[in-house]
Amino acid sequence: YQRRVREAVVSTQSTGSSGINAEYGDSQHISTTMLRFTTLLLVLSGATLATDQETFRLSFGQKGLDWFETVLATMEDITKEIIMGGLVIDPMDLNGVEVTNLKMRDMELPKPELSIVPSKGYRLNSELTMVIDGDWSFGFLGGDLTVNTKLNLDTVAGVDADMKNGIFRTAAGSCDVDFISLEIDMKNEFLNNIAKGMVEDVKERIAGIVCKEVNTALDTSFNDLFQAIPHEVKLHLLTRDIVFGFGPDSNPVFSSDHVDVPCRVQAQSKIPFPFAPPRGISDSVDPEFIGCVLLSEHLVNSVSFLALGKGAIRENIPNKRFPIGSDLTNTAYFKKSLPQLYKAYPNKDVVYKISNLRYPKLEFERNLQKVDVPLRVLIQIDGATVINLKLSLKTRGHLNIAGNVITGSCDEIKTKTVVVSSKIGDIDAGLANDIMDDLFSKTIIPDVNAFFKKGFRLPCVDKVIDTKKAIAETKDDF
């Protein structure tokens, strides 16, 4: 079972990594790169930060547990294989009757019930039917027997943060077994009547065996699985490989109607992270929903800092959208807006080279997301830079989610331009700003809105959840 889990995790990582390479490795458009990158950050639980505070939270309520009940029910065959293959039933001495070679032949495990136990953990309540075969002996007599039992298992388990090993650990709490029925078949009516006197002893032994196995699973087996799942993922973002580490931030909080699981996602940087620690996350799941994922803007900006540093984003025009001969690529385009450029270089081809001067910084506000990135814009003619501009590009937009597809739009774009150098004389700052607003409105907003209109499908969600309703919200700082 652990091997299956590891293989599933490796398969998921391999698919995710290659998908990110495909999205970013061949993209040349600044707008598409920025927005795809930002959108991926909002839907993946991978990111990076240099902080010892919470930056990522999973929150789920009773509906989330109801959904997980269904998942467990679909895993009945695997669960049976684990229990029947690993269950060891010790020999019993029942008032002189030796019962040996006990093995479970069959079991039924209907859909379990999961619920929250405030301040303690979660409760699992399940009906369990078992058929156990074995041998009996009394003096010189002996034979085989079958135990048929139906019982109700009620167990409470806690979950704690193991900060040393960077994982969450389950821990056994209470375990109660209530028998609905138990019959001992010794293949002989007379012996069966005698066996009725052993029922209570058998119940006690089986209850002890079941609770021992449950407690062992919660204290060791489940935690071995958690240890087997990789807690680091290496992703190739643009030109860099970055290793992300995942771990708990603190113990889960079990409230009356929901559970919060605070997490950290960490990576290392040779350069100090240039922003303050996260301000924290102060929201939980709406009980109407299965669950929610909450990301702090600190997490997103940490990824941006590592993957999209100076020069990581580059855009050149002409390109496929604006080939040579299009309006933007000839000085005639500037006849009215910048006549001195056309006068100095009439009907000349124009090349734009755009690159970022630092990482894009994202800010979450209520129902709004902002991106701020400083850019260098070189306007070249005949291979020489004619105008060198430095500007701050700011965009405002919002996200929506329908089913398992995220969509949205860029609603506003602003630039603040500084002329670094010019070979055509002085250029008024306001005029340069208007020109850049016009340029980016024609190049970025259409790309961004086309991308957001198409949307981004959340990976694997449709394979595990039949989504009826979903929302995407931004609040202050997360």
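Rules behind the numbers
- Residues numbered from 1 in each chain as written.
- Predicted model: local features only at pLDDT ≥ 70, side-chain atom pairs only at ≥ 80, totals over all residues.
- Heavy atoms only, no water.
- Helix = DSSP H or I, 4+ residues; strand = E, 2+ residues; numbered from the N terminus.
- Buried < 20%, exposed > 50% of the residue type's maximum accessible area, 1.4 Å probe, protein only.
- Areas by Shrake-Rupley, 256 points an atom, 1.4 Å probe, with all protein chains shown as cover.
- Salt bridge = Lys/Arg side-chain N within 4 Å of Asp/Glu carboxyl O.
- Disulfide = S-S within 2.5 Å.
- Expected span 1.5 Å × (residues − 1).
- Contact = heavy atoms within 4.5 Å.
- Phe/Tyr/Trp six-rings, centres within 6.5 Å; stacked < 30°, edge-to-face > 60°.
- Lys NZ or Arg CZ within 6 Å of the ring centre and 35° of its normal.
- Core = buried A, V, L, I, M, F, W, Y, C linked by side-chain atoms within 4.5 Å.
- Pairing = 2+ DSSP bridges.
- pLDDT = per-residue confidence, 0-100.
- Polar contact = N/O pair within 3.5 Å; in protein donor to acceptor, adjacent residues only side chain to side chain.

Moving on, we come to the overall build of the protein chain. Broken down by element type, the protein chain carries ten helices and 19 strands. Counting across all 478 residues of the protein chain, residues that qualify as buried make up 43%. For the protein chain, the accessible surface area stands at approximately 24,700 Å², while carbon and sulfur atoms represent 52% of it.

Bringing the pattern of salt bridges into the picture now. With the rule as written, the count across this model stands at nine salt bridges. Notably, a salt bridge pairs E200 with K203, separated by 3.7 Å at the nearest N-O pair. Note that E200 and K203 are positioned in helix α6 (residues 199–228) at a spacing of three residues, about one turn of the helix. Taking the shortest distance from any N to any O, the salt bridge between K442 and D438 comes out at 2.7 Å. Of this pair, K442 and D438 are both found in helix α9 (residues 429–454), four residues apart, which corresponds to roughly one turn of the helix. Note on K442: relative accessible area 35%, which makes it partly exposed.

Going through the model one piece at a time under the given rule, you end up with one disulfide. With a sulfur-sulfur separation of 2.2 Å, C175 is cross-linked through a disulfide to C211. The disulfide joining C175 to C211 has a torsion of about -85° about its S-S bond and is therefore left-handed. Note that C175 is positioned in strand β7 (residues 167–185) and C211 in helix α6, a separation of 36 residues in sequence. For the pair shown, C175 and C211 are each scored as buried.

A few words now on helix α3 (residues 62–74). Because each turn of an α-helix spans 3.6 residues, side chains separated by three or four positions end up pointing in the same direction. With 13 residues, α3 extends 19 Å between its outermost C-alpha atoms, agreeing within 8% with the 18 Å of an ideal straight helix rising 1.5 Å per residue. On its buried side, α3 packs onto β1 (56–61) and β4 (113–117).

With that settled, consider the packing of aromatic side chains. The full count for this structure, using the stated rule, is one aromatic pair. Aromatic pair Y333 and F334: ring centres 5.3 Å apart, planes at 90°, arrangement edge-to-face. According to the relative accessible area criterion, F334 is buried, its value standing at 3%. Directly above the aromatic system of Y359 lies the positively charged group of R358, at a separation of 5.3 Å from the ring centroid.

Time to look at the nonpolar core. Membership of the largest hydrophobic core comes to 34 residues, with the highest contact counts inside it found for M130, V147, L151, L182, I184, M186 and I206. Elements with a minimum of two residues in this core: β2 (92–94), β3 (97–108), β5 (121–138), β6 (141–162), β7, α5 (189–195) and α6. Among the elements that make up this core, the one with the highest residue count is α6 (nine residues). Aside from chain neighbours lying at most four places away, what touches I206 is M130, I132, V147, L151, F179 and L182. Core analysis: the next-biggest nonpolar cluster, separate from the first, contains 27 residues, L341, I354, V373 and I381 among them.

Right, let's get into unusual backbone geometry. Residue I317 is joined to P318 through a cis peptide bond whose omega torsion reads 15°. Along the chain, P318 falls in the loop between β13 (314–317) and α8 (339–344). The backbone of N347 sits at a positive phi, close to 50°, despite the residue not being glycine. One can find N347 in the loop between α8 and β14 (351–356). Here D382, not a glycine, exhibits a phi torsion of approximately 55°, which is positive. Take D382: it is sitting in the loop between β16 (368–381) and β17 (384–402).

The next subject is the pairing of β7. In this sheet, β7 lies alongside β6 in antiparallel orientation, the contact comprising 16 bridges. Bridge pairing links T149 to L182 in β7.

The next thing to look at is the confidence of the model for the protein chain. Predicted confidence across the protein chain gives a mean pLDDT of 76, with 74% of residues reaching 70 or more. Per-element confidence in the protein chain ranges from a low mean pLDDT of 35 for helix α1 (residues 2–25) to a high of 93 for α8. This model gives residues 1–51 a pLDDT under 50, and the stretch forms 118 contacts once residues within four places in sequence are excluded.

Let us now look at the environment of R358. Mapped onto the fold, R358 is located in the loop between β14 and β15 (361–365). When the C-alpha atoms of R358 and D372 are compared, they prove to be 9.8 Å apart, with 14 residues separating the residues in sequence. When sequence neighbours within four positions are dropped, the list of residues in contact with R358 reads L308, K310, D372, V373 and P374. A distance of 3.4 Å separates a polar atom in the side chain of R358 from the backbone oxygen of D372.

Quick look at the environment of R321 now. Here R321 is to be found in the loop between β13 and α8. Taking C-alpha positions, R321 is 8.6 Å from T443, a pair spaced 122 residues apart along the chain.

Bringing the environment of R314 into the picture now. With respect to the helices and strands, the residue R314 is situated in strand β13. Given a relative accessible area of 54%, R314 falls into the exposed group. Separated by 62 residues in the primary sequence, R314 and R376 have C-alpha atoms spaced 9.7 Å apart. Among the polar contacts made by the side chain of R314, one reaches the main-chain carbonyl oxygen of G311 at a distance of 3.1 Å.

Attention now goes to the pairing of β6. On a regular strand, one side chain projects to one face of the sheet and the next to the other, so that they alternate. The pairing of β5 with β6 spans 17 bridges and is classified as antiparallel. Each bridged residue has a counterpart across the sheet, and for R123 the counterpart in β6 is V156. Linking β5 to β6, which pair antiparallel, is a turn of two residues; within it G139 sits at a positive phi near 65°. Turn length for the β6-β7 hairpin, with the two strands adjacent in sequence and antiparallel, is four residues, and the turn residue G166 shows positive phi of about 70°.

Turning our attention to the side chain of N433. One can find N433 in helix α9. Of the polar contacts made by the side chain of N433, one reaches the backbone nitrogen of T417; its length is 2.7 Å. Once you skip the residues sitting within four places of it in the chain, N433 turns out to touch T415, K416 and T417.

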